[in-house]
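Here is what each chain is made of, one letter per residue.
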Amino acid sequence: MNDYLRIPGLIDIHVHLRDPGQTDKEDFNTGTAAALKGGITTIFDMPNNLEPVFSVEKLSEKSKIVSNKALCDYGFFFGSDGENLAEFEKAAGKTIGLKLYLSDTTGKYTVTDESQIYKIFKKWTKKKPVVVHAENEKVGLAIKIAYDCGNILHITHITGENELAQIMDAKKMGMKISSDATPHHLFLSLEDKERLGKYAEVKPPLVSKRNQAYLWNHISDIDCIASDHAPHMKKEKESEISYYGMPGLETMLPLLITAFHDGKLTFEDIIRMTSHNPSKIFNLKRDDSSYAEINSEEEYLIENETLFTKCKWSPFAGWYVKGKIKRVFLRGTRVYEDGKILVRPGFGKNIK
Ligand code: DOR
Ligand code: ZN
């Protein structure tokens, strides 16, 4: 017997595993191993691969390539540049939602033309969310268009009052709208830029302590926490070009448990934001046989060397966190224990 705490396996709704196309940064095997180590039993993979997932053919190709590498369960987002509307109907059945870039980031798949954004929202099924990367004034635009077209809208990686206040207003108007915040926006701020240098570069950018405090003060209004795990190699991060993004799968839950110890949120908040709301928003079946066992009192040091992610760095390296993930079960099978993956690649299943 032990007195480990059991929490539902996390559903991380925002992950970039780079497979296929950029498997030097991450692949589905290393990425899903990192997920399990972090207590995450389901990940939703983003479509901004080197060759983006804008067609059913690309989606099938990705599905085939990763199926015998996955260790945790997964779903895919479909992407759009506005030129692939004919693919939507077929793609919707095979994906968990549409991901749309309204602001610039890795891959440069931003859709800027308002009439084109309208066409995309109109055409996409009203039964599955449109997840938007929307910064600044694009937040209001996404809400307006989703309202006009009747879509389910999810604003990902919110960074402060601008997004959350508008989302709360839209909720009051009866819109089906939700949000997530990332660990890097909750635990890092502009003050970390000096220490991290180019490793701090991420989209949306890190925010001020004031904005960060706003997020923590309104944690009960934020629907989900998602890692936005976006690995880039150390040599890329240190180069003159900007590679936006940071890894986060292995550190998200320990950071949240540490925040619980610091009195910043409750365990119920953690479960609400990492499993209950993701299930509700993306219409997943509740699964009591996928869970993590945690020693919530065990303190340990985050170190680059022991990370499972291929990029082998974390903006949180050198931090002590309190909350060690001991064992993880997926669909009743013990899949992770004390630093070891216990199942073969391919054990993870596509949930659609
Ligand atoms: O910093 C980021 N990196 N933000 C994103 O939205 C995409 C991500 C990536 O894919 O590298
Ligand atoms: Zn992302």
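No experiment lies behind these values; they were computed from the predicted model shown. (Residues numbered from 1 in each chain as written. Chains lettered and ligands numbered in written order. Predicted model: local features only at pLDDT ≥ 70, side-chain atom pairs only at ≥ 80, totals over all residues. Heavy atoms only, no water.)

Caption draft 1: Broad picture of the coordination of the zinc ion (ligand 2). Protein ligation of the zinc ion (ligand 2) involves His 14 (NE2), His 16 (NE2) and Asp 228 (OD), the donor distances falling in the range 1.9 to 2.2 Å. When the donor residues of the zinc ion (ligand 2) are listed from N- to C-terminus, their spacing reads H-x1-H-x211-D. A residue pair is termed long-range when its members are at least 10 positions apart, and His 14 in strand S2 (residues 10-15) and Asp 228 in the loop between strand S9 (224-225) and helix H10 (234-237) qualify at 214 residues. Here His 14 and Asp 228 have matching classes, each one buried. (Donors = N, O, S within 2.8 Å, 3.2 Å for Na, K, Ca; no water. Helix = DSSP H or I, 4+ residues; strand = E, 2+ residues; numbered from the N terminus. Buried < 20%, exposed > 50% of the residue type's maximum accessible area, 1.4 Å probe, protein only.)

Caption draft 2: Representation of the sheet that holds strand S10 (residues 291-301). One open sheet accounts for 5 strands, arranged S1-S10-S11-S12-S13; its pairing is antiparallel. Two strands close off the open sheet at either side, each with one partner strand: strand S1 (5-8) and strand S13 (340-341). Note that strand S11 (residues 320-330) and strand S12 (residues 333-337) share 4 bridges and pair antiparallel. Bridge pairing in S12 links Val 328 to Tyr 336. Taken strand by strand, helix H1 (residues 28-37) contacts S11, S12 and S13, and its axis lies near 90° from that of S12. (Pairing = 2+ DSSP bridges. Contact = heavy atoms within 4.5 Å. Axes fitted to C-alpha atoms, helices over the stretch in contact; angles between N-to-C directions.)

Caption draft 3: Representation of the pairing of strand S5 (residues 97-101) within the structure. Of all 5 residues in S5, 5 are buried, a share of seventy percent or more. Neither face of S5 is left uncovered, since the one carrying Gly 97, Lys 99 and Tyr 101 and the one carrying Leu 98 and Leu 100 both have all their residues buried. Across 3 bridges, the pairing between strand S4 (residues 73-79) and S5 is parallel. Bridge pairing in S5 links Phe 78 to Leu 98. This β-α-β element, S4 to helix H3 (residues 88-94) to S5, shows right-handed connectivity. As judged from the 4 bridges shared by S5 and strand S6 (residues 130-133), these two strands associate in the parallel manner. Within S6, the position partnered with Tyr 101 by the bridge is His 133. Read from S5 through helix H4 (residues 114-123) to S6, the crossover connection turns out right-handed. (Right-handed = clockwise from strand over helix to strand, strands pointing away.)

Caption draft 4: Highlighting the site of ligand 1. Looking at ligand 1, there are 14 residues lining it, with Arg 18, Thr 105, Thr 106, Lys 203 and Tyr 244 nearest. A distance of 3.2 Å is found between an oxygen atom of ligand 1 and a side-chain nitrogen or oxygen belonging to His 16. Residue Lys 203 places a main-chain N or O atom 2.8 Å away from an oxygen atom belonging to ligand 1. In the complex, 100% of the free accessible area of ligand 1, which totals 290 Å², lies under the protein chains. Along the lines of polarity and charge, the residues of the shell around ligand 1 split into 3 nonpolar, 8 polar and 3 charged. (Near = heavy atom within 4 Å. Polar contact = N/O pair within 3.5 Å; in protein donor to acceptor, adjacent residues only side chain to side chain. Areas by Shrake-Rupley, 256 points an atom, 1.4 Å probe, with all protein chains shown as cover. Nonpolar A, V, L, I, M, F, W, Y, C, P; charged D, E, K, R; others polar.)

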